[in-house]
Amino acid sequence: MKPVKLFFLKTCPYCKQAFEIMESLRRQDKYKAIEVELIEESEQPQIANRYDYYYVPTFYVDEVKQHEGVVTPEALEKVFRLAIEEE
């Protein structure tokens, strides 16, 4: 399984929505094992500044940006599918 990073802000309503969608997807057996490294950009700027993104939430899979900005269930499922894909 490929590593997933989520860059977010606690005060962002779109990030809150992304967390809700993530929890919904994790109820499916195929996505239960996905671990997402959570990086709150205002609390961890030393990490966030190393990545090329502008909007939150932003998802990286295996160090490649896969989604940036407002997330839909379909977009997040695509991110999760990439994470569980065999190499």
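What comes next concerns the included structure.

Definitions and cut-offs
- Residues numbered from 1 in each chain as written.
- Predicted model: local features only at pLDDT ≥ 70, side-chain atom pairs only at ≥ 80, totals over all residues.
- Heavy atoms only, no water.
- Helix = DSSP H or I, 4+ residues; strand = E, 2+ residues; numbered from the N terminus.
- Buried < 20%, exposed > 50% of the residue type's maximum accessible area, 1.4 Å probe, protein only.
- Pairing = 2+ DSSP bridges.
- Right-handed = clockwise from strand over helix to strand, strands pointing away.
- Expected span 1.5 Å × (residues − 1).
- Arc of directions from axis to C-beta.
- Contact = heavy atoms within 4.5 Å.
- Salt bridge = Lys/Arg side-chain N within 4 Å of Asp/Glu carboxyl O.

## A short note on unusual backbone geometry
Phase 1 of the analysis: Following Val56, the chain continues to Pro57 via a peptide bond in cis, the omega torsion being -5 degrees.
Phase 2 of the analysis: Looking at where Pro57 falls in the secondary structure, it is placed in the loop between helix H2 (45-48) and strand S3 (58-61).
Phase 3 of the analysis: Located in the positive-phi region is Asp62, a residue other than glycine, with phi close to 55 degrees.
Phase 4 of the analysis: Structurally, the position occupied by Asp62 is in the loop between S3 and strand S4 (64-68).
Phase 5 of the analysis: Backbone geometry at Glu63 places phi at a positive 70 degrees, although glycine is not the residue there.
Phase 6 of the analysis: Tracing the backbone through its elements, the reader meets Glu63 in the loop between S3 and S4.
Phase 7 of the analysis: When its relative accessible area of 46% is taken as the criterion, Glu63 is described as partly exposed.

## Brief notes about the pairing of strand S2 (residues 36-40)
Strand residues, when the strand is regular, have side chains that alternate between the two faces of the sheet.
Phase 1 of the analysis: Two elements, strand S1 (residues 4-8) and S2, share five bridges in a ladder whose sense is parallel. Note that in S2 the partner of Lys5 across the bridge is Glu37.
Phase 2 of the analysis: A crossover connection joins S1 to the parallel S2 through helix H1 (residues 13-25); in handedness this β-α-β unit is right-handed.

## Side note on helix H3 (residues 73-84)
Phase 1 of the analysis: For H3, built from twelve residues, the straight-helix expectation of 16 Å at 1.5 Å per residue is met to within 8% by its first-to-last C-alpha distance of 17 Å.
Phase 2 of the analysis: Burial in H3 covers these residues: Ala75, Leu76, Val79, Phe80 and Ala83. All buried residues of H3 lie within an arc of 140 degrees about the axis, which places them on one face of the element.
Phase 3 of the analysis: Against the buried residues of H3 lie S1, H1, S2, S3 and S4.

## Structural notes on the pattern of salt bridges
Phase 1 of the analysis: Tallied over the entire structure, the rule returns seven salt bridges.
Phase 2 of the analysis: For Arg26, the salt bridge goes to Glu23, with nearest N and O atoms at 3.3 Å.
Phase 3 of the analysis: Overall, Arg26 belongs to the partly exposed group, its relative accessible area being 21%.
Phase 4 of the analysis: For Glu23, a relative accessible area of 39% translates into the label partly exposed.

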